[in-house]
Amino acid sequence: MRWLVLLLSLAMPVVSWLSQQGVFGPTNGALSDRYPTLIVAAGYAFAIWGLIFLWDVAFGIWQAFAKNARAASLDRIRPLAAAGFALTAVWMPVFSQQLFWLALLIIWGALACLLACALRLSPARAGTPGLGTWAWIPLSLHAGWLSMAAFLNTAQVIVAYRLLPTDAMLPWTLVLFGAATALLLWANRRMRGNLPFVAAALWALAAVYVKQSGWTVPGSDTAALVALVIAVVLAVQTAWLRLRPRARAVVG
């Protein structure tokens, strides 16, 4: 399993590069422009994939070769990490081929796997040297980005198949924003303020704000404001979760 995780961590950036070269079909950016939504982020935001892939590869190398990477907590998440990496890699050509329903199932599956990794590693990272830096951070960062990307992908499917009104997208977009907020706050609370997870989500929300605040699609100004409010709420929750244990310690 260690070697499978390593190989799949290397596969993601390779497949991503091929995808951006148009090997599998239209690029992700081209398809996003074809199906505009009120939850889409500014193009620069997707540069975070470079950081995610780099750290995932570092995790793959560390868990394969480091002597202290054989903790039971890491053994339990290797299958989930492998599945999350595989699904992330497969999503790119599937989305380029415009198999949108399949792509939607894949991205939600990837989120489930990597969020489960982050949830399991959050309480265990203090017990194994290197576990926080080389496992918890990259997998949490990946999960945090997917927590928003999955909803973006959902909105694109709605628009692509015209499942809901595309000339008045704000009502159903607000429902997606509400669901995304519930997921982010729930997961962050379970992980007691997971900084890498939150950082990726805030990066996405800030890019949604930038894109929507400068757009002319009906409802974009409201969508920008909602994204900003969600970001503030998530940041405040994180600060409260991180500071609360210290406050208790001082009182004790």
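Residues numbered from 1 in each chain as written. Predicted model: local features only at pLDDT ≥ 70, side-chain atom pairs only at ≥ 80, totals over all residues. Heavy atoms only, no water.

Observations concerning the packing of aromatic side chains
Counting across every chain of the model gives 12 aromatic pairs. Geometrically, the ring pair formed by Trp49 and Phe53 is stacked, given 5.1 Å between the ring centres and 25° between the ring planes. One end of the pair is Trp49 and the other is Phe53, both in helix 3 (residues 48–65) and 4 residues apart, which spans about a single turn. One exposure class covers both Trp49 and Phe53, and it is buried. Ring geometry for Trp108 against Phe151: centres 5.0 Å apart, planes inclined by 80°, an arrangement best described as edge-to-face. Taken together, the residues Trp108 in helix 5 (residues 100–121) and Phe151 in helix 6 (residues 131–160) connect sequence positions 43 residues apart. Judged by relative accessible area, Trp108 falls into the partly exposed class, the value being 31%. Directly above the ring of Trp215 sits Lys211, whose terminal nitrogen or CZ lies 4.7 Å from the centroid. (Phe/Tyr/Trp six-rings, centres within 6.5 Å; stacked < 30°, edge-to-face > 60°. Helix = DSSP H or I, 4+ residues; strand = E, 2+ residues; numbered from the N terminus. Buried < 20%, exposed > 50% of the residue type's maximum accessible area, 1.4 Å probe, protein only. Lys NZ or Arg CZ within 6 Å of the ring centre and 35° of its normal.)

Describing the environment of Phe177
Looking at where Phe177 falls in the secondary structure, it is placed in helix 7 (residues 170–190). By relative accessible area, Phe177 is classed as buried at 2%. Apart from residues no more than four positions distant in its own chain, Phe177 is found in contact with Leu38, Ile39, Val208, Ala223, Val226, Ala227 and Ile230. (Contact = heavy atoms within 4.5 Å.)

Digging into the nonpolar core
One finds Phe59, Leu139 and Trp145 to be the most contacted residues of the largest nonpolar core, which totals 83 residues. Counting residues per element, this core draws most heavily on helix 6, at 18 residues. Other than its neighbours up to four places away in sequence, Trp145 contacts Ala45, Phe46, Ile48, Trp49, Ile52, Ala200, Trp203 and Ala204. (Core = buried A, V, L, I, M, F, W, Y, C linked by side-chain atoms within 4.5 Å.)

Re the confidence of the model for the protein
In low-pLDDT regions, the fine details of the predicted coordinates are not to be read closely. The share of residues in the protein with pLDDT of 70 or more is 96%, and the mean pLDDT across the chain is 92. Element-level mean pLDDT values for the protein span from 85 in helix 9 (residues 220–251) up to 98 in helix 7. This model gives residues 247–252 a pLDDT under 50, and the stretch forms 0 contacts once residues within four places in sequence are excluded. (pLDDT = per-residue confidence, 0-100.)

Re unusual backbone geometry
Phi is positive for Arg162, which is not a glycine, with a value near 50°. Along the chain, the position of Arg162 falls in the loop between helix 6 and helix 7. With relative accessibility at 62%, the residue Arg162 sits in the exposed group. A positive phi angle, close to 55°, is found at Arg192, a residue other than glycine.

Quick notes on the pattern of salt bridges
Following the criterion strictly, the structure yields 1 salt bridge and no others. Across the salt bridge formed by Asp75 and Arg78, the nearest N and O atoms sit 2.5 Å from each other. On the criterion of helical spacing, the pair formed by Asp75 and Arg78 is a turn pair, its members being 3 residues apart in helix 4 (residues 72–96). Note on Asp75: relative accessible area 42%, which makes it partly exposed. (Salt bridge = Lys/Arg side-chain N within 4 Å of Asp/Glu carboxyl O.)

A word on helix 8 (residues 195–213)
The terminal C-alpha atoms of helix 8, which comprises 19 residues, lie 26 Å apart, in line with the 27 Å expected from a rise of 1.5 Å per residue. Here helix 8 has its buried residues at Pro196, Phe197, Val198, Ala200, Ala201, Ala204, Leu205, Ala207, Val208 and Gln212. Put simply, Asn194 is the residue that caps the front of helix 8, since its side-chain oxygen is 3.1 Å from the backbone nitrogen of Phe197. (Expected span 1.5 Å × (residues − 1). Polar contact = N/O pair within 3.5 Å; in protein donor to acceptor, adjacent residues only side chain to side chain.)

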